[in-house]
Amino acid sequence: MQKRLQPKTFTVSETFDISPNMRRIVLTGEDIRQLPADSAGQYVKLLFTPEGSTDLSTLTEGQRPVMRTFTISEFDAVQGRFSIDFVKHHHGDTVDQMQGGYASHWAMQTQAGDQISIGGPNTIQGLAEDYDWVLIIGDMTALPSIQLKTASLPAEARGYVVLDLHSDADRPALNLPAGVELILRTGDLQTAPSLAERVASLPWLTGKPAIWCACEFSNMRAIRQHLSQQPEFDRKACYISSYWKAGVTEDGHKVIKRDDQENYSG
Ligand SMILES: Cc1cc2nc3c(=O)[nH]c(=O)nc-3n(C[C@H](O)[C@H](O)[C@H](O)COP(=O)(O)OP(=O)(O)OC[C@H]3O[C@@H](n4cnc5c(N)ncnc54)[C@H](O)[C@@H]3O)c2cc1C
């Protein structure tokens, strides 16, 4: 295994659903001392063997673990525990090497006492600091990050938070400033306007926007296309990222994402 990854190992202390389509896994262990106090909102890599096991002792010399990226949703240095919230994928109960799903499968069946190794954490880019209004967009994979970002918005902030949720019951408790409107896309996702269409239907506000967007790859591209045509859009001041791609494992998504970033000229 690569030395620079420096995996830390944690034990599952609790698992429970925080909403119908989001499972929280609480992790604890001595290695938490190696995580910075501001780890909430940073991303980590969950490590698996090529067969999808969390027992990395079976990796041969030089063999890289399979990595899956997740956000630390809560971090409690005093209690020595932190949480990761996993979106339920609805692929059924089986997992195989071709289909992937190692992380979601692990999260759905893991129990207190199980162990997992993790690399990181690393920082996820935040909102630009100099802005007139905010536009925060995401699907459920970005909810842990969005909850933390919206919690630190100043009282005078204005703009929009646009969320793509599996159901109304997955709506997170957000304490938004009065000037920030929450727009939810839920219900029948076959017939409802897409996340990109919801974003495109919003009146564009005046002044410099701070844009933070993370969602499925195709949605991200459609949203980015729309945003890039708007006044005062400055790509370098925005965070626009895909967190997963329909039909592709994270390993394939990573390659597609890198090509997209290299070829994007907006
Ligand atoms: C910086 C960052 C932070 C992230 N934080 C979180 C987080 O906190 N919580 C979270 O749940 N996800 C998060 N993600 C997304 C997560 O990394 C991907 O969903 C990942 O592909 C899941 O790995 P897996 O092993 O379950 O599935 P993979 O093996 O990667 O994929 C297997 C199959 O599942 C599909 N799939 C993957 N993700 C989803 C999904 N969300 N819904 C439906 N189908 C899916 C794939 O298209 C593929 O067909 C984050 C991603 C990034 C880049």
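Keep in mind the model is a prediction, meaning the values are calculated, not measured.

1. Looking at the overall build of the protein
- Counting secondary structure elements, the protein contains five helices and eleven strands.
- A principal-axis box enclosing the C-alpha atoms of the protein has dimensions of 55 × 40 × 35 Å.
- Split into buried and exposed, the 266 residues of the protein put 45% on the buried side.
- A separation threshold of at least 6 residues defines the contact pool for the protein, and within that pool the share at least 24 residues apart is 67%.
- Accessible area of the protein: about 13600 Å², with a carbon and sulfur share of 47%.
- The distance from the centre of the 25 positive side-chain charges to the centre of the 33 negative ones in the protein is 4 Å.

2. Observations regarding unusual backbone geometry
- A cis geometry characterises the amide bond from glycine 120 onward to proline 121, with omega recorded as 10 degrees.
- Mapped onto the elements of the fold, proline 121 is located in strand β6 (residues 115-122).
- A positive phi angle, near 60 degrees, is found at glutamate 232, a position not held by glycine.
- Looking at where glutamate 232 falls in the secondary structure, it is placed in the loop between α4 (217-227) and β11 (239-244).

3. Points about the pattern of salt bridges
- The full count for this structure, using the stated rule, is twelve salt bridges.
- Note that aspartate 85 and arginine 24 form a salt bridge whose closest N and O atoms lie 2.7 Å from each other. Of this pair, aspartate 85 sits in strand β5 (residues 81-87) while arginine 24 sits in strand β2 (residues 22-28); the two residues are 61 residues apart in sequence, bridging distant segments of the chain.
- Accessibility expressed as a relative area gives 5% for aspartate 85, which makes it buried.
- Residues aspartate 251 and arginine 68 are paired through a salt bridge, measuring 3.0 Å at the closest nitrogen-oxygen approach. On the criterion of sequence distance, the pair formed by aspartate 251 in helix α5 (residues 250-263) and arginine 68 in strand β4 (residues 66-76) is long-range, its members being 183 residues apart.
- What makes aspartate 251 partly exposed here is its relative accessible area of 41%.
- By relative accessible area, arginine 68 is classed as buried at 7%.
- Among the charged side chains, a network of salt bridges with common partners joins Asp17, Arg23 and Lys88.

4. Looking at the domain arrangement of the protein
- Domain boundaries assigned for the protein yield domain 1 (3-122) and domain 2 (133-263).
- Each of domain 1 and domain 2 has a C-alpha centre, and these two points are 24 Å apart.
- Carbon and sulfur atoms supply 56% of the area buried between domain 1 and domain 2, which totals about 1200 Å² over both sides.
- The interface formed by domain 1 and domain 2 holds two salt bridges in total.
- The interface formed by domain 1 and domain 2 includes four residue pairs in polar contact (both at pLDDT 80 or more).
- Here the side of domain 1 that touches domain 2 takes seven residues from β4, the largest share from any one element.
- Along the lines of polarity and charge, the residues of the side of domain 1 that touches domain 2 split into eight nonpolar, nine polar and four charged.

5. Observations concerning the sheet that holds β11
- Sheet architecture is open: five strands sit in the order β9-β8-β7-β10-β11, paired in parallel fashion. Looking at the sheet topology across the chains shown, the edges are occupied by β9 (179-185) and β11. The sheet shows a mean angle of 10 degrees between the axes of neighbouring strands, taken without regard to direction.
- Here strand β7 (residues 133-139) pairs with strand β10 (residues 209-216) via six bridges, running parallel. The residue bridging isoleucine 137 from the neighbouring strand is cysteine 213, located in β10.
- In the packing of helix α2 (residues 143-151) onto the sheet, the strands contacted are β7, β8 (158-164) and β10, and the crossing angle to β7 comes to about 160 degrees.

6. Some points on the sheet that holds strand β1 (residues 8-19)
- One closed barrel accounts for six strands, arranged β1-β2-β5-β4-β3-β6; its pairing is antiparallel. Averaged over all adjacent pairs, the angle separating strand axes in this sheet is 45 degrees, with direction ignored.
- Bridge analysis of strand β3 (residues 43-48) against β6 gives four bridges, and the strand direction is antiparallel. Opposite leucine 46, over in β6, you have isoleucine 118 as the bridge partner.
- Strands in contact with α2 are β2, β4 and β5; relative to β4, the strand with the most contacts, it is inclined by about 35 degrees.
- Strand contacts of α5: β3 and β4, with the helix running at about 95 degrees to β4, the strand carrying the most contacts.

7. Structural notes on the packing of aromatic side chains
- This model, assessed by the stated rule, comprises nine aromatic pairs.
- For the ring pair phenylalanine 10 and phenylalanine 82, a centre distance of 4.9 Å and an interplane angle of 85 degrees mean the geometry is edge-to-face. One end of the pair, phenylalanine 10, is in strand β1; the other, phenylalanine 82, is in strand β5, with 72 residues separating them in the sequence. Across the pair, phenylalanine 82 and phenylalanine 10 agree in class, each one buried.
- With centroids separated by 4.9 Å and ring planes inclined at 25 degrees, the aromatic side chains of tryptophan 212 and tyrosine 239 adopt a geometry described as stacked. Placement of tryptophan 212 in strand β10 and of tyrosine 239 in strand β11 is noted, with a sequence separation of 27 residues between them. As far as the burial class goes, tryptophan 212 and tyrosine 239 line up, both buried.
- Taken together through their ring pairs, the aromatic side chains of Phe10, Phe75 and Phe82 make up a single cluster.
- Positioned above the aromatic ring of tyrosine 264, the side-chain terminus of arginine 224 is 3.8 Å from the ring centre.

Rules used throughout
Residues numbered from 1 in each chain as written. Predicted model: local features only at pLDDT ≥ 70, side-chain atom pairs only at ≥ 80, totals over all residues. Heavy atoms only, no water. Helix = DSSP H or I, 4+ residues; strand = E, 2+ residues; numbered from the N terminus. Buried < 20%, exposed > 50% of the residue type's maximum accessible area, 1.4 Å probe, protein only. Contact = heavy atoms within 4.5 Å. Areas by Shrake-Rupley, 256 points an atom, 1.4 Å probe, with all protein chains shown as cover. Lys, Arg positive; Asp, Glu negative; His and termini not counted. Charge placed at Lys NZ, Arg CZ, Asp CG, Glu CD. Salt bridge = Lys/Arg side-chain N within 4 Å of Asp/Glu carboxyl O. Domains from an automatic or database assignment. Buried area = accessible area lost by both parts, 1.4 Å probe. Polar contact = N/O pair within 3.5 Å; in protein donor to acceptor, adjacent residues only side chain to side chain. Nonpolar A, V, L, I, M, F, W, Y, C, P; charged D, E, K, R; others polar. Pairing = 2+ DSSP bridges. Axes fitted to C-alpha atoms, helices over the stretch in contact; angles between N-to-C directions. Phe/Tyr/Trp six-rings, centres within 6.5 Å; stacked < 30°, edge-to-face > 60°. Lys NZ or Arg CZ within 6 Å of the ring centre and 35° of its normal.

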